[in-house]
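# Structural overview
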Amino acid sequence: MTTRRLTVAQALVEFLAHQYTERDGRRHRLVAACWGIFGHGNVAGVGQALLESGDALPYLQGRNEQAMVHAAVGYARHNDRLSAHAVTTSIGPGATNLVTGAALATINRLPVLLLPGDTFATRPADPVLQQLEHPGAGDVSVNDCLRPVSRFFDRITRPEALIPAALQAARVLADPVETGAVTLALPQDVQAEAYDWPEEFLADRVWPVRRPAPDPAELEAAAAAVRAARRPLLIAGGGIHHSEAEDALRALADATGIPVASTQAGKGSLRHDHPCDVGGIGHTGTAVADALAAGADVVIGVGTRYSDFTTASATLFAAPGVRFVNLNITPYDAHKMAGLPLVADARTGLEALTERLVGHRVPDAYASAYTAGKAEWEATVTRAYSSRDGRGDGARPTQAQVLGALDAVVGDEDVIINAAGSLPGDLHKLWRARSRRQYHLEYGYSCMGYEIPAAIGVRLADPGRPVWALVGDGTYLMMPTELVTAVQEGVAIKVIIVQNHGYASIGGLSEAVGGERYGTAYRFRAPDGTYTGDPLPVDLAANAASLGMTVLRARTTRELGAALAEARASDRPTCVYVETETADTVSGAPPAQAWWDVPVAETATRPAAVTAREEYDRNAAARRRYL
């Protein structure tokens, strides 16, 4: 057996440089690059190995460990989970900063490889700097925080243990059923230890990404249920994008006339102007989609997890005897809602279902009804985008008008990235998605701080594509650091900072549940101790400029369109800063069309909470268990 003498870190880098996925005859690098911040736990191991490898595994420098994971996740999502990035950190806080990003990746079923440094396996000194001492478990380190948020976790305490661990890590990263965050914890002494590695371990290896076909019996049961339905509704989830199943979905919709609503992850599965597209579903959905969901007798879920936002906390699907057909590559998700499971790849399953439904179409009256509802909602979107409520172009825009101005500037190729705050609700209801990649919302974890690093990841995956990160002031203040990375690497992302002086989304929610917007505004303290004084004199535009961004200030509705057009044409990282209505005013978008369960205080003395509890009890009475 031919071997090569390398350190553990060098062998790992060499291994990763030779791993590939393959689907539909197209090959992709499984791990295309490695993000890293170096410290004493990885500088002499993985850091040295990346340096020695040259361009075999390109290195990307980040500023915050959580943000590096977000960038990697953005890259993986844009690549349909076929190519990923790794992230290396030192021990201690560098490693624990990975936890939030790892949770986001795993919840959203997106691959990322985490390589945190760990304390000494040989324990020459105990404790070492940044080591967590656990009196009852000497083998515990802070990296164990990553176990529950990882789809695969291993600690490499001996060189030879890397071989099975690395193979398992690659398998999980490449498997659409199991993928998520994968963690290989690397003790700093083991990283630098040499070993004679079999050449076979370091050779090219291809991981086929399967497109499993549905079981014939499951397919027949699903087709029979759809044929029997009078008011079917299809819910497009993120699995359609991951599977590149948009054409198959369109073919089914064209053939059958079944209306298609979309989750946050699935929006854009059909173009907004397709006759069967009825927009977002659930708490942040459209009136037409939610009305169809309330009356549907069969719901066809494709690639969706059925989160509480999608189901309106189990109140949306209200028809007696409603049944579910769940096409999903993951059996765990296919069996939700007590549905008929159709365990298969989304594209393969949709093609097979379309073939079984030849000649079947929804009733004409049903198609006419949802077509009229779609037209009504489109008029609602147009009003939200253009309405000035009596104010001229010289006034501050509403948040909905910001989206309208952006809609007027972008093309089909642009990507819009968002994750948290009030923007996801407005985008889900209002955005007119024009292509399969345009709408990039991380709403599995709804993590503030995702947008800017994810935009960098998407732009790295697709350098010629205009990429927009939409962030509120709350999100921006949590994690603006990767603007420096964009400037350093010349990654020409476009960032829109919407300044509304507080947590607009939670402010609205607080008001709805009797919290009276307590602690949700960015203001000075008032004499009564609450944060209801004047807005804070922060200048986020100046901050972005200090980090190297080109900054365009849009003070009015008129200036906003020009600034967005200039940003889109820019070939360097550019920020558009716009101040909208304050956090305690409406965004300009239509209100929620369906409920979301956020428990309200059962006993209270303040009238707002008492009233909110009465409303909560009315809504909660409509919850169902689908058995």
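Quick summary incoming for the structure in this document. These figures come from a predicted structure and were not determined experimentally. (Residues numbered from 1 in each chain as written. Predicted model: local features only at pLDDT ≥ 70, side-chain atom pairs only at ≥ 80, totals over all residues. Heavy atoms only, no water.)

## A closer look at the sheet that holds strand E22 (residues 550-554)
As summarised here, the arrangement of the 6 strands in space is E19-E18-E20-E21-E23-E22, forming an open sheet in which the pairing is parallel. A strand with exactly one partner marks an edge of an open sheet, and here the two such strands are strand E19 (439-441) and E22. On average, each strand axis in the sheet is inclined to that of its neighbour by 20 degrees, with strand direction left out of account. Relative to E19, strand E18 (residues 415-418) runs parallel, the two sharing 3 bridges. When the bridges of E19 are listed, asparagine 418 appears paired with leucine 441. (Pairing = 2+ DSSP bridges. Helix = DSSP H or I, 4+ residues; strand = E, 2+ residues; numbered from the N terminus. Axes fitted to C-alpha atoms, helices over the stretch in contact; angles between N-to-C directions.)

## Let's talk about the environment of valine 538
Within the secondary structure, valine 538 sits in the loop between helix H22 (504-512) and helix H23 (540-546). Look at valine 538 and you get partly exposed, because its relative accessible area is 39%. With 37 residues separating them along the chain, valine 538 and histidine 501 place their C-alpha atoms 9.1 Å apart. (Buried < 20%, exposed > 50% of the residue type's maximum accessible area, 1.4 Å probe, protein only.)

## Notes on the packing of aromatic side chains
Tallied over the entire structure, the rule returns 13 aromatic pairs. Measuring from ring centre to ring centre gives 4.8 Å for tyrosine 195 and tryptophan 197, while their planes differ by 70 degrees; the resulting arrangement is edge-to-face. Three or more aromatic residues link up through ring pairs in this structure, and these residues are Phe15, Tyr195, Trp197 and Phe201. It is arginine 553 that lies over the ring of tyrosine 577; its NZ or CZ is 5.7 Å from the centre. (Phe/Tyr/Trp six-rings, centres within 6.5 Å; stacked < 30°, edge-to-face > 60°. Lys NZ or Arg CZ within 6 Å of the ring centre and 35° of its normal.)

## A closer look at empty space enclosed by the protein
Scanning the model with the defined rule gives 2 cavities of 30 Å³ or more in all. Of the pockets and cavities examined, the largest cavity occupies roughly 150 Å³. As for the largest cavity, its lining consists of 20 residues, and the residues nearest its centre are Lys267, Asp277, Val278, Gly279 and Glu378. Residue assignment for the lining of the largest cavity shows that the elements contributing at least two residues are strand E14 (277-280), helix H16 (364-386) and helix H18 (423-430). A per-element tally of the lining of the largest cavity places H16 first, with 4 residues. What lines the second largest cavity is simply Ile91, Gly92, Asp118, Thr119, Gln130, Gln131, Leu132, Ser141, Val142 and Asn143. (1 Å grid on protein atoms, 1.4 Å probe; cavity = no way out; pocket = protein on both sides within 12 Å on 5 of 7 lines; lining within 4 Å. Points joined across faces, edges and corners; volume = space filled by probe spheres on them.)

## Quick notes on the packing of helix H11 (residues 246-256) against helix H15 (residues 346-356)
When two helices pack together, their arrangement is captured by the angle between the axes and the distance separating the axes. For the pair H11 and H15, the least separation of the axes is 9 Å and the interaxial angle reads 20 degrees. The angle between H11 and H15 falls in the class roughly parallel. Here H11 runs over H15; the crossing is left-handed. Where H11 abuts H15, its residues Ala248, Leu249, Ala251, Leu252 and Ala255 lie against Arg347, Leu350, Glu351, Leu353 and Thr354. (Parallel < 35°, antiparallel > 145°, perpendicular 65-115°, else oblique. Left-handed = near helix turned anticlockwise from the far one by under 90°. Contact = heavy atoms within 4.5 Å.)

## Description of the side chain of aspartate 80
Mapped onto the elements, aspartate 80 comes out in the loop between helix H3 (65-78) and strand E6 (84-89). Reaching out from aspartate 80, the side chain makes a polar contact with the side chain of arginine 437 at a distance of 3.4 Å. Setting aside chain neighbours within four positions, we find aspartate 80 in contact with Arg23, His241, His242, Glu244, Arg436 and Arg437. (Polar contact = N/O pair within 3.5 Å; in protein donor to acceptor, adjacent residues only side chain to side chain.)

## Let's talk about the packing of helix H9 (residues 216-228) against H15
Packing of H9 against H15 leaves a shortest axis separation of 10 Å and a crossing angle of 55 degrees. With respect to H15, the axis of H9 lies oblique. With respect to the hand of their crossing, H9 and H15 are arranged in right-handed fashion. Facing H9, whose interface residues are Leu219, Glu220, Ala222, Ala223 and Arg227, H15 presents Ala352, Leu353 and Arg356. Residue composition of the contact of H9 with H15, grouped by class: 5 nonpolar, no polar and 3 charged. (Nonpolar A, V, L, I, M, F, W, Y, C, P; charged D, E, K, R; others polar.)

## A short note on the side chain of glutamate 482
Position of glutamate 482 among the secondary structure elements: in helix H21 (residues 482-489). There is no salt bridge for the buried glutamate 482, and the closest opposite charge comes from arginine 63, which lies 5.2 Å off by N-O distance. In terms of polar contacts, glutamate 482 uses its side chain to reach the backbone amide nitrogen of asparagine 64, at 3.1 Å. Aside from chain neighbours lying at most four places away, what touches glutamate 482 is Gly62, Arg63, Asn64, Ala67, Ile452, Pro453 and Ile456. (Lys, Arg positive; Asp, Glu negative; His and termini not counted. Salt bridge = Lys/Arg side-chain N within 4 Å of Asp/Glu carboxyl O.)

## Comments concerning the sheet that holds strand E7 (residues 112-118)
With respect to topology, 6 strands assemble into an open sheet ordered E5-E4-E6-E7-E9-E8, the strand pairing being parallel. The open sheet has two edge strands, strand E5 (59-61) and strand E8 (152-155), and neither has a second partner. Averaged over all adjacent pairs, the angle separating strand axes in this sheet is 20 degrees, with direction ignored. Strand direction decides the pairing type here: E6 and E7, joined by 4 bridges, are parallel.

## Some words on the environment of valine 8
Structurally, valine 8 can be placed in helix H1 (residues 8-16). For valine 8, a relative accessible area of 1% corresponds to the buried category. Separated by 181 residues in sequence, valine 8 and aspartate 189 have C-alpha atoms that sit 9.6 Å apart. If near-sequence neighbours (up to four positions away) are discounted, valine 8 is found in contact with Pro159, Leu162, Val190, Gln191, Glu193 and Trp197.

## As for a nonpolar patch on the surface
A grouping of Phe38, Val43 and Tyr59 is seen on the molecular surface, where their side chains present a nonpolar patch of about 240 Å² in accessible area. Its location among the elements puts tyrosine 59 in strand E5. (Patch = residues over 30% accessible without salt bridge, like charges linked within 9 Å, V, L, I, M, F, W, Y side chains within 5 Å. Areas by Shrake-Rupley, 256 points an atom, 1.4 Å probe, with all protein chains shown as cover.)

## Thoughts on unusual backbone geometry
For the bond running from aspartate 126 to proline 127, omega is 5 degrees, close enough to zero to count as cis. If you trace the backbone, proline 127 turns up in the loop between E7 and E8. Even without being glycine, glutamate 244 reaches a positive phi, approximately 55 degrees. Relative accessible area serves as the criterion here: at 18%, glutamate 244 is assigned to the buried category. Even without a glycine there, the phi angle at glutamate 516 is positive, about 55 degrees. Along the polypeptide, glutamate 516 turns up in the loop between H22 and H23.

## A short note on H18
Each α-helix winds once per 3.6 residues, and so residues spaced three or four apart point in a common direction. By the criterion of burial, H18 is predominantly enclosed, with 8 of the 8 residues buried. All of the buried residues in H18 are Leu423, Pro424, Gly425, Asp426, Leu427, His428, Lys429 and Leu430.

## Remarks on H16
For H16, built from 23 residues, the straight-helix expectation of 33 Å at 1.5 Å per residue is met to within 8% by its first-to-last C-alpha distance of 33 Å. Within H16 the residues assigned to the buried category are Tyr366, Ala367, Tyr370, Gly373, Lys374, Trp377, Thr380, Val381, Ala384 and Tyr385. Looking at the buried positions of H16, the neighbouring elements they touch are strand E12 (232-236), E14, helix H12 (287-295), helix H17 (399-407) and H18. (Expected span 1.5 Å × (residues − 1).)

## Notes on the pattern of salt bridges
In this structure the tally under the stated criterion is 38 salt bridges. Among the ionic pairs, glutamate 199 bridges to arginine 4, the shortest N-O distance being 3.0 Å. Taken together, the residues glutamate 199 in helix H8 (residues 199-202) and arginine 4 in strand E1 (residues 3-7) connect sequence positions 195 residues apart. Residue class for arginine 4 comes out partly exposed when judged on its relative accessible area of 29%. A salt bridge links arginine 618 to glutamate 615; the shortest N-O distance between them is 2.4 Å. Residue arginine 618 and its partner glutamate 615 are located together in helix H25 (residues 607-620), separated by 3 residues, close to a single helical turn.

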